[in-house]
Every structure is written in C-alpha cells, then in structure tokens.
Amino acid sequence: MASVEAVEAVDRGGFRTGVPEHHPVKEVPRALRRLVRRGPAAEKDCHPLYSCLFAQGGGLPSVAAAALPFLTALASDPANGARFTLVELIGDLNGAARDAGAQDTHGAWREEWRRQGDKITAFLADPAPSVRRAALLLADDDALLERGHAETDPAVRLPLLLALGTRAKTTDGTSETGSPDGRHRFAAAVEAVLSRVLRDDEPVMKVAAVITRASLDRDTPLRHANPLLDVLADPAVRPRFERIWWLSDVETPFTRDDVAAWVSGLLDHVLLVALSFVTRLAEAAERTADDGLRRVVLDEAWRHLVLRRSAAPTVLPLAARLLDCADDCVRLKAAHLLAMLAPDSGPYADRLAALLDDPGTDEISWIEGTVGDFARWALVRLGDPRGLPGLVESLWAPYREQFGRSWVAAIRVGRRYTKSSRRCASTRTSCCPHCWRRCGRATSGTATTARSWAPCCTSPKSGGRTRCPCFPSSCRS
C-alpha cells in the first residue's frame, strides 16, 4: 500500500513532467499524496496526473516510470476511491509508451512495468467488476486468454470476448510464451472460446461472440444473420443488453439499439444482405411495436442512402411506412428520408402535407426542428406549393434563436448542401437576399445561395419586380 512517506522518499531530481513549464515535477507527488490521504473519497483526485504524466506529441515523460509503482499500489488498495480511474490511467500510460516506440524513457517504463507485472495481472481477478473490465487493456495475450476461461460475470465476460477478438486480430509475431507459431495458437484458442459461447451461452453473449469473430472473419455475421435478428428483435432480451454490454474504455453500457446498429454495419460489404437485414429489422419492429428498433432502422436506412444512392428503392417504402408512427423521433426521421428521396417520394406528398403542423421533435438523437419542418422541406423538394406557407419563418428560426439550432448535413450527388440551404430553393420569389442581409437573419452563404436561385429586386436582371414579404418597403420597384 502506498504511503505519504514513500511518496516523499522519492528523489525527484532529473525527472520531468510532460509539460514542465506548466506542470513542474513537484505536482506529481502532490497529487499522489492527495490520493493517499483522501482514501475512499479520492474518486476524482487522480485527474491532475493526466496533465503531468503524458508528453506533448505522444510518449511519456521520465516521471511516468517513477510514478508507476505508486499508481499500482493505490489501484490495489481496496480503500481507495479512485481505483477504477487509476487502472484506466495505467492502461493509458502503457498505451502511450507502446505507441511511441523505443525511447530512453520508455525503456525505463518497460522495466518498471515488468517489475509491477504480478500486481498488474492481479487486477484481472479484482473483486470489483469495473476494475476487472478496465484491466482488460493491461493484460498480455496469455493472461487475457486465461481470464477468458475463469471469468464468470457476464458484464466482464462480454468485453473480455471483444478484447480477445481485437487481440487475435492485431497480435503479430509470437505470443508472450515465445512460441514461434504463437499468433496462430492464440487465434485458435480464441476461436475455441468463441465456439463454446456460440454453442452454449445466453443470447446476448452469442451476439458478442459473432461480433468478435467478425474481426477475424468478416463473413461471420452473414452466416449468423437469422439468429442475430431473432435476438435483436426479442423484447424480452432487450434489457439484458444494457445490463451486460460494457466496454473497457466506455463509461456507459451499450443499449440494444446501439448493438443493432453495430451489427448492421458489419454486413455492409454485401449490400443486398445489408439492406435485407434492415428491412427485416423493420418488419420485426412493426410486429412488436418497437420504437427503438424503428429508430435504428431509419438511421441505418439513412446511412445506406448516403453511401449508395442505389439503396433508394429499399429505403423509400421503409420511410413511408413509418410516417404515421406515434413516436415523434420516428416520424421526423421518416419525413427527413422522404425529403432526401425526392422526387421519388412524390406519391407520399399528401401524407407529408398532413404533417405540416406536427410539432413533434426528436428527443432521442436531438436532430433540431419539428416533424412539420421536415415535412415542409420534403414538399419543397417535391415542388409542392403546400410547402411554401411558413417556409421563410422556418428558415429564419435558427437566427432568431441566436444560432442555437442546427440542421443535419445532407449529401446530394455532385454537390454538398446543408438542409437549410436546400430548403431555400423554394424561396425563388418569396424573399430576397438583399432583405435577408438587411434584417440580419441569414448568413452570407444563405444569401448567396438564394441570389443564385432567384432574381432579386436588387439585381438589374430582375427588373425590380419581386417584392419581399417580410420587408416590402426594402425592395426597390
């Protein structure tokens, strides 16, 4: 256990922090002393060490190796309240040393790391699950594999599985045992663990095993698409994801919706299968009235549409089917997709017009605007005059709110626009850039876009016939 006396006994001469001009080396023992004295209340007291123990531009300063024994001792102390953060800090420091390559200070770090090896490995068997999860990033291949057989807590086993897959993919040369075929032996051992999980384990763990195996064989999700769909669409299994799907370097658990999007992305290399999977997710969401899954379907449909315009025939009916959903976020995203799909979405213009006064907003992913705003934008892109009333007000709203609102960027073949600028296309004779500049409610980019689309009263080519509905007196006739 670290003590104040042990910290004080270290000779600080010759050591440097990562930013010595702002954080002199004396700040390191000061932070360590505070961690020792605060004990159970030290949860947030190790953060000053991040300012001292990392070098600018990568790597480690010389004081990092000297601090490692104290960091390890403090993280091993059951009475210390910062144990989880300290284990994370140790992992971050080791990652910085590994990424920076061979330097003198990193040689000292590696030597000290070897001396602390038993204590660091012991974190994998710590009583606290959060510490065990953080320690997955510290373990060598053999220790990680051994823990894969011993760990019983699903909230630790799941990130351990994913860590094994990452390690099997990135390990090169030999494993820690020094065996000449260490890489292949490690990968084979990981495959054995995954096969056992896929055969005997609970549904959520099987999803994790498929994702893990996909890092070694990208066609694995293709072969398991049906069971993946069954698990993701099962309402009874949904709460289980958030209880056990933790990652070592993420502070909050993943939800079923997060994992569904993750799985969907693993199928991208075979477009027909990927689109079929999204369609089947949509059908499953309709059967169970699962709004979370509906949101995932629309997000994935949007992603595919951005990547490949050829996805439009699949995306169009999915979005149209969800225009009448009771969930505000679902309706908003459905209207957004139909706007993007204009003019193909023309048959749904009447249904979009029915949403013009819909005040629903997205309280999930926080896309700004209302369902009515997106329905209006869709009608404008369709050339439907029903989208014109209220359009200028909709365009001005962000500026009245002091630029507090934003619109999701959208992609159009050949040119890149923002939604707000594309919605300006309908204002051909409704409002002129001159007046927008006068009232201060448009950026120069918006004014330039509008000027290029509509003759303005200030343009000699227009003959001065267009009058602005907001400031008629400002237009010269």
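As a starting point, this report considers the structure included with it. Small disclaimer: the values here were computed from a predicted structure and weren't measured.

**Brief notes about the overall build of the protein**
From N to C terminus, the protein includes 26 helices and two strands. Within the span of the protein, comprising 477 residues, buried residues form 51% of the whole. Taking contacts inside the protein between residues at least 6 apart in sequence as the whole, the part at least 24 apart equals 63%. Per element, the accessible surface of the protein, about 22400 Å² overall, is 51% carbon and sulfur.

**Description of the packing of aromatic side chains**
Overall, the coordinates contain six aromatic pairs when judged by the stated rule. Each ring, one from tryptophan 109 and one from tryptophan 113, has its centre 5.9 Å from the other, and the planes form 35°; the classification is tilted. Highlighted residues: tryptophan 109 and tryptophan 113, both in helix H6 (residues 104-115), separated by four residues, approximately one helical turn. Tryptophan 113 gets classed as buried once you look at its relative accessible area, which sits at 16%. Look at phenylalanine 254 and tryptophan 262: their rings are 5.8 Å apart centre to centre, the planes differ by 50°, and that puts the pair in the tilted class. By relative accessible area, tryptophan 262 is classed as partly exposed at 28%.

**A word on the nonpolar core**
Ranked by size, the top nonpolar core spans 89 residues in total, and within it Leu35, Leu49, Leu53, Leu71, Trp109, Trp245 and Val259 carry the most contacts. In terms of residue count, helix H4 (residues 63-76) provides more of this core than any other element does, nine residues in total. Once you skip the residues sitting within four places of it in the chain, leucine 71 turns out to touch Leu32, Leu49, Leu53, Leu86, Leu89, Ile90 and Leu93. One finds Ala334, Leu352, Val371 and Ala375 within the second-largest nonpolar core, a separate group that totals 35 residues.

**Describing the side chain of arginine 133**
The residue arginine 133 is located in helix H8 (residues 129-135) in this model. This buried residue, arginine 133, is left without a salt bridge; aspartate 153 holds the nearest opposite charge, at 5.7 Å. When residues no more than four places from it in sequence are discounted, the contact partners of arginine 133 are Ala155, Val156, Pro159, Trp246 and Ser248.

**Regarding the packing of helix H16 (residues 256-265) against helix H18 (residues 291-307)**
Put simply, H16 and H18 touch, their axes get as near as 10 Å, and they point 30° apart. Considered as vectors, H16 and H18 are oriented roughly parallel to each other. Our pair here, H16 against H18, has a crossing hand that is right-handed. Contacts between H16 and H18 involve Arg256, Asp257, Ala260, Ala261, Ser264 and Gly265 from the former and Gly292, Leu293, Arg295, Val296, Glu300, Arg303 and His304 from the latter.

**Remarks on the state of the cysteines**
In total, this model carries zero disulfides according to the counting rule given. Among the cysteines around cysteine 325, which has no disulfide bond, cysteine 329 carries the closest sulfur, lying 9.3 Å off. Overall, the relative accessible area of 9% leaves cysteine 325 in the buried class.

What counts and how
- Residues numbered from 1 in each chain as written.
- Predicted model: local features only at pLDDT ≥ 70, side-chain atom pairs only at ≥ 80, totals over all residues.
- Heavy atoms only, no water.
- Helix = DSSP H or I, 4+ residues; strand = E, 2+ residues; numbered from the N terminus.
- Buried < 20%, exposed > 50% of the residue type's maximum accessible area, 1.4 Å probe, protein only.
- Contact = heavy atoms within 4.5 Å.
- Areas by Shrake-Rupley, 256 points an atom, 1.4 Å probe, with all protein chains shown as cover.
- Phe/Tyr/Trp six-rings, centres within 6.5 Å; stacked < 30°, edge-to-face > 60°.
- Core = buried A, V, L, I, M, F, W, Y, C linked by side-chain atoms within 4.5 Å.
- Lys, Arg positive; Asp, Glu negative; His and termini not counted.
- Salt bridge = Lys/Arg side-chain N within 4 Å of Asp/Glu carboxyl O.
- Axes fitted to C-alpha atoms, helices over the stretch in contact; angles between N-to-C directions.
- Parallel < 35°, antiparallel > 145°, perpendicular 65-115°, else oblique.
- Left-handed = near helix turned anticlockwise from the far one by under 90°.
- Disulfide = S-S within 2.5 Å.

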